[in-house]
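What follows is the residue order along each chain.
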Amino acid sequence: MRFNEQQLKEQIKSGGYSNAYLIYGEESYLKEYYILQLRKKLVDPAFEAFNLHKFDGRDTALDDILKDAQMLPMMSAYNLVLVRDYPVEKNKSDLKLIGEFLDEVPDTTVLILYYDALEPDVKSAGFKKLAAAFDHAGTVINMEKRTETDTAKLLVSGAKKRGAVLDIHNAKYLISVSGNDLKNLLNELDKLAYFSHGQEITKEVIDNMATKCLQARVYDLSKSIVNGDMDTAYTVLDTLFCMKEDPILILAVIGGVYVDMYRVKSAKTAGCSYDDVAKHYNYRGREFALRNASRDCAVLTEKQLRRSLDEIMNTDLKLKSTATDKKLLLEELIVKLILIAKEVNYA
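Peer 1: I tried to follow the nonpolar core on my own but got confused; where do I start?
Peer 2: Soluble globular proteins: nonpolar side chains tend toward being buried together. Of all hydrophobic cores here, the largest spans 55 residues; its most connected members are Leu-155, Ile-201, Ile-225, Tyr-258, Met-261 and Ile-312. At nine residues, the largest contribution of residues to this core is made by helix α13 (residues 247-269). Ranked by size, the runner-up nonpolar core spans 26 residues in total, among them Leu-22, Phe-55, Leu-62 and Ala-69.

Here's what the structure looks like:
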């Protein structure tokens, strides 16, 4: 069975568990959360030493995993086996063994294979075969990023549980400032709720207290560039270097912002909206990126955006192939992007 988050939530609530789960996807917090919920339901803490078996799939032989998966539970209905980050390309014969085991998985066993540090190639033949085996014998869940609206609703209800007030608009603003990683957002919410002393978490509170993610700081940088504000652009860049952010990563995010703007600009030229862009590209959970792009690209032409992307690509090549000071290269890029935005020719 292929489940989404809501279906898994309902299954856990009803108690109709599968004997095998394959859990993967972008949202690490949700993977941790639902695995913990399954563990609480399936394993009595008093008998955890007998009925809970945890493995790191990267350094454990499959035979050892399957041996424990075939054990009968002690004083409990289930024997839970948690396998983290099993590399499907590790040994092709393992896929066959997993498939054979899942065909006859004991009714008292729940095998959960999940991906955390290791990101599987979902398009590979090995992963497709693995997913098909779990699909046949149990449940496969792709834990995708929640939409921005769903994440915002979670933050609103989370603020209420913490004794604070957060409206949906400011929740979305918090996402644009701190990023869409749920674990990080909930940590930020803890901090904001504490400092708000049970009052409303306003935009001003978020501006003063929330930690800006790299992407949000680069949005500030790109906004300054588009507006021709060189002083602010350099200030933001200095801040990023003081935070010891990787110059190549900074450039990658700058490039991503300009790609967003180019996509939105092209869509508008074709008579479409940024919502249409979201349907064709993966902006789930970060819809704010397209709103920012729509705002920033308004004063730029497609030609200017293409020239900007060319300069970003050239800088990327220099960062990775020359010994030139990396901050100097990014400062030079900022100048060129501002000149392009102002339609000033340069040699």
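Peer 1: Could you clarify how one ought to interpret the pattern of salt bridges in this entry?
Peer 2: Close approach of charged atoms lets side chains of opposite charge pair. Applying the stated criterion to the full structure yields 22 salt bridges. Notably, a salt bridge pairs Asp-220 with Lys-212, separated by 2.3 Å at the nearest N-O pair. The class for Asp-220 is partly exposed, based on a relative accessible area of 28%. One connected set of salt bridges, linked through shared partners, spans Asp-56, Arg-58, Arg-84, Asp-85 and Asp-116.

Peer 1: Explain the environment of Glu-331 here, please?
Peer 2: One can find Glu-331 in helix α17 (residues 326-341). Given a relative accessible area of 23%, Glu-331 falls into the partly exposed group. Taking the C-alpha atoms as reference points, Glu-331 and Leu-237, separated by 94 residues in sequence, lie 8.0 Å from one another. Those residues in contact with Glu-331, other than ones at most four positions away along the chain, are Tyr-234 and Leu-237.

Peer 1: What should I look at first to understand the layout of surface pockets in this one?
Peer 2: To find leftover empty space, a probe the size of one water molecule is rolled over the atoms. Approximately 660 Å³ is the volume found for the largest pocket. Forming the boundary of the largest pocket are 26 residues, of which Glu-5, Lys-9, Tyr-33, Tyr-34 and Arg-146 lie nearest the centre. For the lining of the largest pocket, the secondary structure elements donating two or more residues are α1 (5-14), α2 (28-42), α7 (148-161) and α9 (182-196). If you tally residues by element for the lining of the largest pocket, the top one is α2, at six residues. A per-class count over the lining of the largest pocket returns nine nonpolar, six polar and eleven charged.

Peer 1: Mind showing me how you'd approach the sheet that holds strand β2 (residues 20-24) here?
Peer 2: Across a sheet, strands are paired by hydrogen bonds formed along the backbone, either parallel or antiparallel in direction. Spatially, six strands are ordered β1-β6-β2-β5-β4-β3 in an open sheet, and the strand pairing comes out parallel. Looking at which strands have only one partner, the edges of the open sheet turn out to be β1 (2-3) and β3 (52-56). Where β2 lies against strand β5 (residues 109-114), four bridges are found, and the strand directions are parallel. For Tyr-21, the partnering residue across the bridge sits in β5 and is Ile-112. The strands touched by helix α4 (residues 62-69) are β3, β4 (79-84) and β5; relative to β4, the strand with the most contacts, the crossing angle is about 160°. Along the sheet, helix α6 (residues 125-137) contacts β1, β2, β5 and β6 (139-142); its crossing angle with β2, the most-contacted strand, is approximately 140°.

Peer 1: Hey, could you run me through empty space enclosed by the protein in this one?
Peer 2: All chains considered together, the criterion is met by two cavities of 30 Å³ or more. Taken as a whole, the largest cavity holds about 70 Å³ of empty space. If you trace the largest cavity, you find it lined by Leu-62, Ile-65, Leu-66, Val-83, Tyr-86, Ile-98, Leu-111, Leu-113 and Phe-134. At the level of secondary structure, the elements contributing two or more residues to the lining of the largest cavity comprise α4 and β5. Across the lining of the largest cavity, the residue classes break down as nine nonpolar, no polar and no charged. The calculated volume of the second largest cavity comes to roughly 50 Å³. When grouped by side-chain class, the residues that make up the lining of the second largest cavity number two nonpolar, two polar and four charged.

Quick notes on the rules
Each chain carries its own residue numbering, running from 1 in the direction its sequence is written. Where totals are concerned, whole chains, interfaces and linings use all residues; where local detail is concerned, this predicted model gives features only for residues with pLDDT of at least 70, and gives and counts side-chain atom pairs only at 80 or more. Excluding hydrogens and water, the side-chain values take into account all heavy atoms of the structure. Residues belong to one nonpolar core when they are buried, are Ala, Val, Leu, Ile, Met, Phe, Trp, Tyr or Cys, and are joined through side-chain atoms within 4.5 Å. The buried label applies to any residue whose accessible area, calculated with a 1.4 Å probe on protein chains only, is under 20% of its type's maximum; exposed applies above 50%, and partly exposed to all values in between. Labels follow the DSSP assignment, with helices taken as runs of H or I lasting at least four residues and strands as runs of E lasting at least two, numbered in each case from the N terminus. Salt bridge criterion: a side-chain nitrogen from Lys or Arg within 4 Å of a carboxyl oxygen from Asp or Glu. Every residue pair with non-hydrogen atoms within 4.5 Å of one another is taken to be in contact. A pocket, in this scheme, is an open set of points on a 1 Å grid over the protein atoms alone with protein on both sides within 12 Å along at least 5 of 7 lines, while a cavity is a set where a 1.4 Å probe fits but cannot get out; residues line either one if an atom lies within 4 Å of a point. Grid points are joined across faces, edges and corners, and a volume is the space filled by probe spheres set on the points. Residues are grouped as follows: Ala, Val, Leu, Ile, Met, Phe, Trp, Tyr, Cys and Pro are nonpolar; Asp, Glu, Lys and Arg are charged; all remaining types, including Gly, are polar. We treat two strands as partners when DSSP finds at least two bridges between them. Fitting a line to C-alpha atoms yields each axis, with helices limited to the stretch in contact; the angle taken between N-to-C directions then spans 0 to 180 degrees.

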